[in-house]
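# Coordinates in review
Each chain, written out:
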Amino acid sequence: MSDEREFGRSGWILVGVMVLAFVVAPLLIYLRPPALPFKFSYLVLPLIPALLLGATAVWSAQKKM
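Residues numbered from 1 in each chain as written. Predicted model: local features only at pLDDT ≥ 70, side-chain atom pairs only at ≥ 80, totals over all residues. Heavy atoms only, no water.

## Considerations on the overall build of the protein chain
Across its full length, the protein chain holds 3 helices and 0 strands. Ordered by position in the sequence, the α and β elements of the protein chain form the string α-α-α. Split into buried and exposed, the 65 residues of the protein chain put 18% on the buried side. Restricting to contacts in the protein chain with at least 6 residues of sequence separation, those with at least 24 account for 70%. For the protein chain, the exposed area adds up to about 5,400 Å²; of that, 72% sits on carbon and sulfur atoms. (Helix = DSSP H or I, 4+ residues; strand = E, 2+ residues; numbered from the N terminus. Buried < 20%, exposed > 50% of the residue type's maximum accessible area, 1.4 Å probe, protein only. Contact = heavy atoms within 4.5 Å. Areas by Shrake-Rupley, 256 points an atom, 1.4 Å probe, with all protein chains shown as cover.)

Written as structure tokens, this is what we have:
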């Protein structure tokens, strides 16, 4: 039963992507604001790590089944 609930490699990859999406990407946008229009800078750029986070979460959940 404990084998099913192990954190494993996919769990650590998910944690890494969460750190990227919630810490690194906003910090980069804050420290080095892009010289692009407002809509792209603050709406589209955060969407990229969010999509990566969603895809990684689905991959991690599918791998367990």
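## Looking at helix α1 (residues 8-31)
Counted at 1.5 Å a residue, the expected span for α1 with its 24 residues is 34 Å, and the 33 Å between its end C-alpha atoms agrees. At Leu20, α1 shows its largest bend, some 35°. Here α1 has its buried residues at Ser10, Gly11, Leu14, Val17, Ala21, Ala25 and Ile29. (Expected span 1.5 Å × (residues − 1). Bend = angle between axes of the 7 residues up to and from the residue.)

## Structural notes on the side chain of Ser60
Tracing the backbone shows Ser60 in helix α3 (residues 47-64). Ignoring anything within four residues of it in the chain, the contact list for Ser60 reads Ser10 and Leu14.

## Some thoughts on the confidence of the model for the protein chain
Taken as a whole, the protein chain shows an average pLDDT of 83; of its residues, 88% reach a score of 70 or greater. Predicted confidence in the protein chain is weakest over helix α2 (residues 38-44), with a mean pLDDT of 78, and strongest over α1, with 89. (pLDDT = per-residue confidence, 0-100.)

## Side note on a nonpolar patch on the surface
Together, Met18, Val19, Leu20, Phe22, Val23, Val24, Leu28 and Leu52 give the surface a local cluster of nonpolar side chains, amounting to about 680 Å² of exposed area. You can see Val19 is positioned in helix α1. With a relative accessible area of 41%, Val19 lands in the partly exposed category. (Patch = residues over 30% accessible without salt bridge, like charges linked within 9 Å, V, L, I, M, F, W, Y side chains within 5 Å. Salt bridge = Lys/Arg side-chain N within 4 Å of Asp/Glu carboxyl O.)

## Observations regarding the side chain of Thr56
Structurally, Thr56 is set in helix α3. Among the polar contacts made by the side chain of Thr56, one reaches the main-chain carbonyl oxygen of Leu52 at a distance of 2.7 Å. The residues touching Thr56, leaving out its near neighbours within four places in the chain, are Ile13, Leu14 and Val17. (Polar contact = N/O pair within 3.5 Å; in protein donor to acceptor, adjacent residues only side chain to side chain.)

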